[in-house]
Amino acid sequence: MKKTEFLKNGYLVRDDFLSKEQCSQLLNHIKNFQNSEELPIIYRENSDRPLHYKVINGLQIKNSLQEIENLYRDRINKFICDISNLSLVPLNNEIIGANVNITPSGGTYRWHYDRNSVTALIYLNEVDGGELELYPLYRITSPFNKFSFLQKALDLLLMSKPIRFVFGKKVSIKPIEGRLVVMIGNRCLHSVNSVIGSEERVNVVLSYDVLDNQDASNDNLDNYLYTQIKVTSSDPNYQKEIRK
Ligand SMILES: O=C(O)CCC(=O)C(=O)O
Ligand SMILES: [Fe+2]
């Protein structure tokens, strides 16, 4: 099958995917949700850029934010299958499948690869700073994926600032109301730059995978991303054993 533009580039940006009205309606629902349930600030120190945000997880979305659940299972799912020619489906793991990231002033998201293959991001408001920074198709994957330590070593090497600077080609994407970004999340190194000003940056994160790659379970990473629980691993994206 012919490789689509999206697969060749590793990412795609589509402006006005949601209208201003749709964005403000979603923002309102998210605000109401935050008034009914206080979200903890997650702060995970990191040598380069910390993870500093609040998150509404997939179960909370399923129970309280039906429009986002519908976007996840319907419109966006169709869109990403069209642009990739792949049979992509929502994740079995409902907590991590659909999220809303809320990044406060000064907040950032650490450099990482996603554990699923395709990720769609919808920005609901425009803020200063808070750019999505990405290195398209930057990851070198080890053919020996049983040895996760090798992959971890490769990833950490390529992630380091000087190597990124010399070998990487960084793309910076401003968060703008209604803008959709789709990327091959497990091949594009990405991160969120510091949010400037007082307004929180709010965006929807929808994760998909192919049917036979649905075991994204990693309790340590879930605790790291969704709770304030102390975690021991230096980088919880990597487990001692990779479960494939
Ligand atoms: O908020 C963004 O722009 C990116 C978030 C992200 O990479 C993630 O939640 O995995
Ligand atoms: Fe990500």
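- Going by what an unreviewed UniProt entry lists, the protein is known as 3374_t:CDS:1 and is assigned to Funneliformis mosseae.

## Observations regarding the coordination of the iron ion (ligand 2)
Then, number 1: The protein atoms that coordinate the iron ion (ligand 2) are His112 (NE2), Asp114 (OD) and His190 (NE2), at distances spanning 2.1 Å.
Then, number 2: Within one chain, the residues serving as donors to the iron ion (ligand 2) are arranged as H-x1-D-x75-H. Taken together, the residues span a long stretch of sequence, with His112 in strand E6 (residues 109-112) and His190 in strand E12 (residues 189-192) at a distance of 78 residues. Comparing His112 with His190 shows no difference in burial state: the two are buried.

## Focus on empty space enclosed by the protein
Then, number 1: Counted under the stated rule, the structure contains 2 cavities of 30 Å³ or more.
Then, number 2: The space that makes up the largest cavity amounts to roughly 380 Å³.
Then, number 3: Broken down by secondary-structure element, the contributors of at least two residues to the lining of the largest cavity are strand E3 (51-56), strand E5 (98-103), E6, strand E7 (118-123), E12, strand E14 (201-210) and helix H9 (219-226).
Then, number 4: Taken together, the residues that form the lining of the largest cavity break down as 15 nonpolar, 10 polar and 4 charged.
Then, number 5: Size it by volume and the second largest cavity reaches roughly 30 Å³.
Then, number 6: Around the second largest cavity, the lining residues are Gly58, Lys62, Glu69, Tyr72, Arg73, Glu94 and Ala98.
Then, number 7: Secondary structure elements with two or more residues in the lining of the second largest cavity: helix H3 (58-64) and helix H4 (66-73).
Then, number 8: When residues of the lining of the second largest cavity are assigned to their parent elements, the largest contribution, 3 residues, is made by H4.

Thresholds, definitions, all that
By convention here, each chain's residues receive numbers from 1 onward along its written sequence. To label them, take the chains in the order written and letter them from A, then take the ligands in the order written and number them from 1. Owing to the predicted nature of the model, reporting of local features is limited to residues with pLDDT of at least 70; listing and counting of side-chain atom pairs is limited to 80 or more, with chain, interface and lining totals taken over all residues. Think of the side-chain values as coming from all heavy atoms in the structure, minus any hydrogens and water. Donor atoms: N, O and S within 2.8 Å of the metal, or within 3.2 Å for Na, K and Ca. Because water is excluded, sites can look incomplete. Here a strand is any run of E in DSSP of at least two residues, a helix any run of H or I of at least four, and the numbering for each starts at the N terminus. Only protein chains enter the area calculation, which uses a 1.4 Å probe; residues under 20% of their type maximum are buried, those over 50% are exposed, and those in between are partly exposed. Any residue with an atom within 4 Å of a point lines the site, the site being either a cavity, points on a 1 Å grid over the protein atoms alone where a 1.4 Å probe fits but cannot get out, or a pocket, an open set with protein on both sides within 12 Å along at least 5 of 7 lines. Grid points are joined across faces, edges and corners, and a volume is the space filled by probe spheres set on the points. Gly is put with the polar residues, along with every residue not named as nonpolar or charged; the nonpolar set is Ala, Val, Leu, Ile, Met, Phe, Trp, Tyr, Cys and Pro, and the charged set is Asp, Glu, Lys and Arg.

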